[in-house]
Amino acid sequence: MKKRISELNKYITDEYLKKINTILLNHYNITPTSVEKVRSAFKVNTERSIYCLKEFKHNDKKASIGYHLTRFLKDNGFDGVADYIKTVDGKDVIKYNKRYYYLTSWIEGSECDFKDINVLKQACAFLADFHNKSKGFHINSFKIKSNYNKWEKKVLSIKKDLLKFKSIITSKILKTYFDEEYYKLIDFNLKLCDKALQIFSKESYKRLCEKAKNERLICHDSFYYQNLLINNNGKMFLIDLDSVIYDLPIYDLAKFIRRIMNKSYIEWNFEIAKDLIFAYDEIRKIARDEFEIFLGHLIIPHRFWKLGKKRYLKRKEWSEEKYLKKLNKEIRLKDKREEFINKFIENYLIK
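Residues numbered from 1 in each chain as written. Predicted model: local features only at pLDDT ≥ 70, side-chain atom pairs only at ≥ 80, totals over all residues. Heavy atoms only, no water.

*Asks:* Explain the pattern of salt bridges residue by residue, including any values.
*Replies:* Side chains carrying opposite charge are able to pair once their charged atoms draw close together. Inspection of the entire model under this criterion finds 26 salt bridges. With a closest N to O distance of 3.6 Å, Glu55 and Lys19 form a salt bridge. Of this pair, Glu55 sits in strand β4 (residues 50-56) while Lys19 sits in helix α1 (residues 14-28), and the two are 36 residues apart along the sequence. Across the pair Glu215 and Lys211 runs a salt bridge whose closest N-O atoms are separated by 2.9 Å. With a gap of four residues between them, Glu215 and Lys211 both fall in helix α6 (residues 203-215), about one helical turn apart. The class of Glu215 is partly exposed, set by a relative accessible area of 24%. Residues joined in a network through salt bridges with shared partners are Lys19, Glu55 and Arg99. (Salt bridge = Lys/Arg side-chain N within 4 Å of Asp/Glu carboxyl O. Helix = DSSP H or I, 4+ residues; strand = E, 2+ residues; numbered from the N terminus. Buried < 20%, exposed > 50% of the residue type's maximum accessible area, 1.4 Å probe, protein only.)

Spelled out as structure tokens, the structure:
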């Protein structure tokens, strides 16, 4: 298991530590014995307990959604989440010096090792349980972002950008090696966009979205190792519920598996994907129409598009070596991905 990346106290300035101490004492009546930076949070040690203090720049809506969702999940028997702790005056979140903060219990665990197939299967079953137990979540006072029926528009935007990249490269008098190799892959990825568009424009997809909308189905939207912890007893915990959205649960699963398939130790291994789908399906049954939506999300060329966006629109100042390393991975995985898609269709979509 991976250790959680931790920056010790020396990385927190005295001024910053003073601010954290003030927040904890004035709003939670807590006096820390030490504070550590762990990823984007602070591990707060006290004589009796350990807490997690989260800081963020934007409004307090997301933190309040996380607080209410945690209560909803626990009421439904899902205990793989941290407890949110209210302030002394009963608030979910506070504002201090133009930043927002909330406090939860600290989960003592490690990041999941996704090189272990059993951990991957456990994660998929855990995700399915989360989907089951979060069904019906709603807060009148906050609007949760919804992706229902929006994927056709999102894919059209990606396709538009790919065509723009193609035009930019074509118009260049002097083309780099990256330009030439990226250009060769554009048509292949445009075809993937077209396949995804065919799926997301179908009435069956719209019907699924309408049903999910009525049932209020929640997606975590960032279900990955940074937000998944496992303790010494093998129990999993899900953290960072701040960015949940309304969408078909199959989107969460497809996004998770797509990221796993791109790893060098898996590289679009269909048999592993089958095992993960089965682990999820045992807990939350996947409807037949959902498999096609799964494929739609799986084939959207996110990585290829994002690479082009960084190069041709944002002009991100990466070294040529870094750009080529990422592009070479796309080239290397192209055939394996194509073979995966064909096997998926044969196994799940051909009636």
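*Asks:* Give me the lowdown on helix α2 (residues 61-75), citing residues and values where you can.
*Replies:* Over its 15 residues, α2 runs 21 Å from end to end, which matches the ideal 21 Å to within 8%, given 1.5 Å per residue. Considered for burial, the residues of α2 that qualify are Ala63, Ser64, Ile65, Gly66, Tyr67, Leu69, Thr70 and Leu73. Looking at the buried side of α2, the elements it contacts are β4, β5 (84-85), β7 (99-105) and α3 (117-134). (Expected span 1.5 Å × (residues − 1). Contact = heavy atoms within 4.5 Å.)

*Asks:* Outline helix α7 (residues 249-261), listing residues and values.
*Replies:* If you check α7, its first and last C-alpha atoms are 19 Å apart, about what 13 residues at 1.5 Å a residue would give, namely 18 Å. For α7, a buried count of twelve out of 13 residues is recorded, marking the element as mostly surrounded by other parts of the structure.

*Asks:* Before we move on, could you go through the confidence of the model for the chain and cite the residues and values that matter?
*Replies:* Chain-level pLDDT for the chain is 93 on average; 96% of the residues reach the 70-or-more range. With pLDDT under 50 throughout, residues 1-10 is counted as low confidence; its partners more than four residues away or in other chains account for 30 contacts. (pLDDT = per-residue confidence, 0-100.)

*Asks:* Let's hear about the environment of Tyr96: which residues, and what values?
*Replies:* Examined against the element boundaries, Tyr96 turns out to sit in strand β6 (residues 94-96). With a relative accessible area of 24%, Tyr96 lands in the partly exposed category. Remark: the alpha-carbon pair of Tyr96 and Asn214, spanning 118 residues in sequence, is separated by 38 Å. Non-local contacts of Tyr96, meaning those with residues more than four positions away in its chain, are made with Lys19, Thr22, Ile23 and Tyr101.

*Asks:* Quick rundown of the side chain of His131? Include the residues and the values.
*Replies:* Mapping His131 onto the fold places it in helix α3. Note on His131: relative accessible area 3%, which makes it buried. With residues up to four places along the chain from it excluded, the contact list for His131 reads Ile218, Cys219, Pro249, Asp252, Tyr280 and Arg284.

*Asks:* Tell me what's going on with the pairing of strand β3 (residues 41-45), and back it up with residues and numbers.
*Replies:* With five of its five residues buried, β3 lies for the most part within the structure. Burial along β3 is two-sided: Ala41, Lys43 and Asn45 facing one way and Phe42 and Val44 facing the other are all buried. Here strand β2 (residues 34-38) runs beside β3; their pairing, made up of five bridges, is antiparallel. Looking across to β3, one finds that Val35 is bridged to Val44. Relative to β4, β3 is paired through five bridges, and the arrangement is antiparallel. Bridge pairing in β4 places Lys43 opposite Cys52. Joining the antiparallel neighbours β3 and β4 is a turn of four residues. (Pairing = 2+ DSSP bridges.)

*Asks:* Talk me through the sheet that holds strand β10 (residues 228-230); I want residue IDs and the actual numbers.
*Replies:* Strand pairs in the sheet, formed through backbone hydrogen bonds, run parallel or antiparallel to each other. Taken in spatial order, the three strands of this open sheet run β8-β10-β11, and their pairing is antiparallel. Of all strands in the sheet, those bounded by a partner on one side alone are β8 (110-111) and β11 (236-238). Its contacts with the sheet put α3 on β10 and β11, and the angle it makes with β11 is roughly 50°. (Axes fitted to C-alpha atoms, helices over the stretch in contact; angles between N-to-C directions.)

*Asks:* How would you summarise unusual backbone geometry if you had to cite specific residues and measurements?
*Replies:* A positive phi angle, close to 55°, is found at Asn29, a residue other than glycine. Position of Asn29 among the secondary structure elements: in the loop between α1 and β2. One non-glycine residue with positive phi stands out, namely Asp221, at about 75°. Residue Asp221 is classed as buried on the basis of its relative accessible area of 18%.

*Asks:* Outline the packing of aromatic side chains, supporting the account with residue identities and numerical values.
*Replies:* All chains considered together, the criterion is met by 32 aromatic pairs. Geometrically, the ring pair formed by Phe291 and Tyr348 is stacked, given 4.7 Å between the ring centres and 15° between the ring planes. Of the two residues, Phe291 sits in helix α9 (residues 288-299) while Tyr348 sits in helix α11 (residues 320-349), which places them 57 residues apart along the sequence. For the pair formed by Phe291 and Tyr348, the shared burial category is buried. Joined through ring pairs, the aromatic side chains of Phe165, Phe178, Tyr182, Phe304, Tyr312, Trp318 and Tyr323 make up one cluster. (Phe/Tyr/Trp six-rings, centres within 6.5 Å; stacked < 30°, edge-to-face > 60°.)

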